[in-house]
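Residue-level structural notes
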Amino acid sequence: MSTFLTKAVMDFFIAFGIVLGGAMVGGIGAVISLQPPTQTMLDVADRIKIWALAAAVGGTIDPMRVIESNFFDGNLSPAIKQILYLLFAFLGAHMGSELVRWVCGGGGRG
């Protein structure tokens, strides 16, 4: 498998795992603190998505610097790759939150 595809798949599953794991552990915390676990899991899954995206791509500033420096220097390939890494990480985080929503019975969206 190419290094690009390997990193893209890893970014997807890292973001997916962060959202899913955070929501599950948040649900356990909700049970321990006598709060409603379903609503807590839905809230955590929605709030943690952006952090899962940032963690999956390795930080918040470095990917943007790669895009900026390569794009303005005329090297489009590294900038496009970085944008695709962000897209894969976003898809992973979104799929994780949708899975939590599905497991929790679809509540939370009006």
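Residues numbered from 1 in each chain as written. Predicted model: local features only at pLDDT ≥ 70, side-chain atom pairs only at ≥ 80, totals over all residues. Heavy atoms only, no water.

Here's the deal with the overall build of the protein
We count it as follows: The helix and strand labels rest on DSSP assignments: H or I over at least four residues marks a helix, E over at least two residues marks a strand, and numbering proceeds from the N terminus. For each residue, the accessible area found with a 1.4 Å probe, counting protein chains only, is set against the maximum for its type, and the residue is called buried under 20%, exposed over 50%, and partly exposed in between. Note on contacts: a residue pair is in contact if any heavy atoms of the two residues lie within 4.5 Å. What sets the accessible areas is the Shrake-Rupley method with a 1.4 Å probe; for residues, cover comes only from the shown protein chains.
Tallying secondary structure elements over the protein gives 4 helices and 0 strands in all. Start at the N end of the protein and walk to the C end: the helices and strands fall as α-α-α-α. The burial tally for the protein puts 32% of its 110 residues in the buried class. Taking the contacts inside the protein whose residues are at least 6 apart along the sequence as the reference set, 68% of them involve residues at least 24 apart. On the protein, roughly 6700 Å² of surface is accessible, and the fraction owed to carbon and sulfur atoms is 71%.

Some remarks on the nonpolar core
The cut-off we apply is this: Among the buried residues, those of types Ala, Val, Leu, Ile, Met, Phe, Trp, Tyr and Cys that are joined through side-chain atoms within 4.5 Å form a nonpolar core.
Ranked by size, the top nonpolar core spans 15 residues in total, and within it Ala15, Ala89 and Val100 carry the most contacts. For this core, the element with the most residues is helix H2 (residues 37-57), which contributes 7 residues. For Ala15, the residues in contact, after removing those within four places along its chain, are Ala52, Ala56, Ala89, Gly92 and Ala93.

Regarding the packing of helix H1 (residues 3-32) against H2
The geometry of a pair of packed helices is captured by two quantities: the angle between their axes and the separation between those axes. In plain terms, the rule: To obtain an axis, a line is fitted to C-alpha atoms, over the contacting stretch when the element is a helix, and the angle between two such axes runs from 0 to 180 degrees between their N-to-C directions. Here the angle decides the label: under 35 degrees means roughly parallel, over 145 means roughly antiparallel, 65 to 115 means roughly perpendicular, and every other value means oblique. Here is the rule for handedness: rotate from the far helix to the near one, and if that takes an anticlockwise turn smaller than a right angle the crossing is left-handed, while a clockwise turn gives right-handed. In this classification, Asp, Glu, Lys and Arg are treated as charged, Ala, Val, Leu, Ile, Met, Phe, Trp, Tyr, Cys and Pro as nonpolar, and every other residue, Gly included, as polar.
Here H1 crosses H2 at 150°, and the two axes come no closer than 8 Å. Relative to H2, the element H1 lies roughly antiparallel. As for how H1 packs across H2, the hand of that crossing is right-handed. Within the contact of H1 with H2, the residues separate by chemical class into 17 nonpolar, 4 polar and 3 charged.

What to know about the confidence of the model for the protein
When pLDDT is low, close inspection of the predicted coordinates is not appropriate. We apply this condition: pLDDT is a per-residue confidence score from the predictor, ranging from 0 to 100.
Mean pLDDT over the protein stands at 86; residues scoring 70 or higher make up 87%. Within the protein, the element-level pLDDT minimum falls on helix H3 (residues 62-72), averaging 71, and the maximum on H1, averaging 94.

Considerations on the packing of aromatic side chains
As a reminder of what qualifies: Stacked, tilted and edge-to-face pairs are distinguished by plane angle, under 30 degrees for stacked and over 60 for edge-to-face with tilted covering the rest, among Phe, Tyr and Trp rings (Trp via its six-membered ring) whose centres lie within 6.5 Å. When the NZ atom of lysine or the CZ atom of arginine is within 6 Å of a ring's centre and also within 35 degrees of its normal, the charge is said to sit over that ring.
Taken as a whole and assessed by the stated rule, the structure comprises 4 aromatic pairs. An aromatic cluster is built from Phe12, Phe13 and Phe16, whose rings are joined through pairwise contacts. Taking the ring centre of Tyr85 as reference, the NZ or CZ of Lys7 above it sits at 4.7 Å.

Details of the pattern of salt bridges
Opposite charge on two side chains allows them to pair when their charged atoms are near. How we decide: What counts as a salt bridge is simple: a side-chain nitrogen of Lys or Arg found within 4 Å of a carboxyl oxygen of Asp or Glu.
Counted by the stated rule, this structure contains 3 salt bridges. With its nearest N and O atoms 3.2 Å apart, the salt bridge here joins Arg101 to Asp46. Here Asp46 lies in helix H2 and Arg101 lies in helix H4 (residues 76-103), a separation of 55 residues in the sequence. Assessed through its relative accessible area of 8%, Arg101 is described here as buried. Glu98 is the salt-bridge partner of Arg101, the closest N and O atoms lying 3.7 Å from each other. Separated by 3 residues within a single helix, Arg101 and Glu98 lie in helix H4, roughly one turn from each other. Among the ionic contacts, a cluster of salt bridges with common partners joins Asp46, Glu98 and Arg101.

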